[in-house]
Structure formats: structure tokens, C-alpha cells
Amino acid sequence: IERTLSIIKPDATNRNLTGKINAKFEEAGLRIVAQKRMHLTKEQAGKFYAVHAERPFYDELCEFMASAPVVVQVLEGEGAIAKNREVMGATNPADAEAGTIRAEFAESVGENSVHGSDAPETAAEEIAFFFAGLEIV
Ligand code: ATP
Ligand code: MG
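Residues numbered from 1 in each chain as written. Chains lettered and ligands numbered in written order. Predicted model: local features only at pLDDT ≥ 70, side-chain atom pairs only at ≥ 80, totals over all residues. Heavy atoms only, no water.

Named according to an unreviewed UniProt entry, the protein chain is Nucleoside diphosphate kinase originating from Psychromarinibacter halotolerans. Looking at the Sequence similarities (unreviewed entry) heading of the UniProt record, one finds this comment for the protein chain: "Belongs to the NDK family." As its UniProt record puts it under Function (unreviewed entry), the protein chain is described as follows: "Major role in the synthesis of nucleoside triphosphates other than ATP. The ATP gamma phosphate is transferred to the NDP beta phosphate via a ping-pong mechanism, using a phosphorylated active-site intermediate." (UniProt positions renumbered as here; feature names shortened; annotations may be inferred.)

Rendered as C-alpha cells:
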């Protein structure tokens, strides 16, 4: 059984959408096996998104991720990584399929409500970035 790291981003926590987004995960058969709300510093956001350091939107992305609390969570299920990305929808909400989280809730390509790991290696790294093994149940 697979695990993936999910983040409910500041645009979504600001609009009090944590419960609605979690309902989408649970309806898709993903189990929330760890979850905490935290307010990242810009430096912590920068570390998390270090792979994007050379992208033109990196600074804006780190500012945004530190602008308000996020909810970080571990989702578990069969094919959790791909399933989560399906439920999230395309990065740009304009391209996201109807019924996906980003189609329903995202405000723009940057403020797009959720993050989800994109591969088993990144999922393992991203989960370890936020959680100790004993916190995941
Ligand atoms: P995530 O990694 O958050 O699940 P993703 O894999 O769909 O999203 P990436 O290309 O990895 O998208 O980009 C990471 C994040 O950077 C996006 O989710 C978005 O918040 C932000 N981002 C991506 N492209 C842009 C852009 N053109 N302008 C502003 N922000 C962007
Ligand atoms: Mg990505």
C-alpha cells in the first residue's frame, strides 16, 4: 500500500476549505494517516521546493507558501500517488478536469489549493521532511 505527501495550501486554508478538500480525498479511497496544520517560514518553504529553485516563479511560490497556515498530510491507499494527482487535477485550474480539487477550488496556477508528491522517491522524501515515522498511523 502506497503513501503520498499532500499539502493544503494557504489559498485553501484561508477560505476554510480543509474539510471539503479532505472529503474529496476520502471519497476517492485515500486515507488520511497523518495530518498537521503549520505556518511555514519562507526558508522552510524554500527547502521543501528546492527542486524548483531555478524556476522563475520560485520566489513567489515560497512567499505564497509562507503567507498563511498550510495543512500537511500523509495520504495512504492503493496507487495513492497517482490517485491523489487525479483528485487534485491539473496544476493550472483552467486545465483541470471538472470535479477535481483544483477545478473546484484553485484560484490560479500559483494559488492552486493543493500539493501532491509526483513519484515514489519524492513521496518518501517529502513525507520525511514533515513527519516522523511514529506520527503516521
Ligand atoms: P505540486 O508540485 O504543487 O503538486 P504540480 O506538480 O502540478 O504541483 P509543479 O510544476 O511541480 O506543479 O509546480 C509546483 C508548484 O509551483 C505548483 O503547484 C504551483 O503552486 C507553482 N507553480 C507552477 N507553475 C507556476 C507558474 N507558472 N506560476 C506561478 N506558480 C507556479
Ligand atoms: Mg510538482
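Having seen it, we continue.
(A) Structural detail: the site of ligand 1. Close to ligand 1 lie 16 residues, the nearest being Lys-9, Thr-91, Gly-110, Asn-112 and His-115. Residue His-52 places a side-chain N or O atom 3.2 Å away from an oxygen atom belonging to ligand 1. At 2.9 Å from an oxygen atom of ligand 1 is found a main-chain nitrogen or oxygen belonging to Gly-110. Expressed as a share of its isolated accessible area of 580 Å², the protein-covered part of ligand 1 is 80%. When residues of the shell around ligand 1 are assigned to their parent elements, the largest contribution, three residues, is made by strand E4 (residues 114–116). Residues of the shell around ligand 1, tallied by class, amount to five nonpolar, six polar and five charged. (Near = heavy atom within 4 Å. Polar contact = N/O pair within 3.5 Å; in protein donor to acceptor, adjacent residues only side chain to side chain. Areas by Shrake-Rupley, 256 points an atom, 1.4 Å probe, with all protein chains shown as cover. Helix = DSSP H or I, 4+ residues; strand = E, 2+ residues; numbered from the N terminus. Nonpolar A, V, L, I, M, F, W, Y, C, P; charged D, E, K, R; others polar.)

(B) Highlighting the packing of aromatic side chains. As enumerated under the stated definition, the model contains four aromatic pairs in all. With centroids separated by 5.0 Å and ring planes inclined at 80°, the aromatic side chains of Phe-48 and Tyr-49 adopt a geometry described as edge-to-face. On the basis of relative accessible area, Phe-48 is assigned to the buried category, the value being 10%. Members of the aromatic cluster, each reached through a chain of ring pairs, are Phe-48, Tyr-49, Phe-129 and Phe-130. Over the ring of Phe-131 we find Lys-36, and its NZ or CZ is 4.7 Å from the ring centre. (Phe/Tyr/Trp six-rings, centres within 6.5 Å; stacked < 30°, edge-to-face > 60°. Buried < 20%, exposed > 50% of the residue type's maximum accessible area, 1.4 Å probe, protein only. Lys NZ or Arg CZ within 6 Å of the ring centre and 35° of its normal.)

(C) A look at the nonpolar core. Counting residues in each nonpolar core, the largest one holds 20 residues, and the members touching the most others are Leu-5, Ile-7, Met-65, Val-74, Phe-130, Phe-131 and Ile-136. For this core, the elements supplying multiple residues, two or more each, are strand E1 (2–8), strand E2 (31–38), helix H3 (42–48), helix H4 (58–65), strand E3 (70–77) and helix H7 (120–130). Of the residues forming this core, the biggest block, five residues, is contributed by H4. Core analysis: the second largest hydrophobic core is formed by 14 residues, Ala-12, Ile-21, Ala-80 and Val-114 among them. (Core = buried A, V, L, I, M, F, W, Y, C linked by side-chain atoms within 4.5 Å.)

(D) The pattern of salt bridges, seen in detail. By the definition in use, this model includes seven salt bridges. Between Asp-11 and Arg-15 there is a salt bridge, and its shortest N-O distance comes to 2.7 Å. A relative accessible area of 34% places Arg-15 in the partly exposed class. The salt bridge involving Lys-24 is made with Glu-104; its shortest N-O contact spans 2.8 Å. (Salt bridge = Lys/Arg side-chain N within 4 Å of Asp/Glu carboxyl O.)

(E) Layout of the sheet that holds E1. A sheet is described by the order of its strands in space; here four strands give the open sequence E2-E3-E1-E4, paired in antiparallel fashion. Looking at which strands have only one partner, the edges of the open sheet turn out to be E2 and E4. Strand-to-strand twist in this sheet, taken as the mean axis angle between neighbours without regard to direction, amounts to 20°. Packing against the sheet, H7 makes contact with E1, E2, E3 and E4, and its axis sits at approximately 60° to E1. (Pairing = 2+ DSSP bridges. Axes fitted to C-alpha atoms, helices over the stretch in contact; angles between N-to-C directions. Contact = heavy atoms within 4.5 Å.)

(F) Local environment of H7. The complete set of buried residues in H7 reads Ala-123, Glu-126, Ile-127 and Phe-130. Along H7, the residues classed as buried sweep out an arc of 100° about the axis, all on the same side. Counted as exposed and oriented over 90 degrees from the buried face of H7: Glu-121, Glu-125 and Ala-128. Its buried side turned inward, H7 meets E1, E2, H3, E3, helix H5 (80–88) and E4. (Arc of directions from axis to C-beta.)

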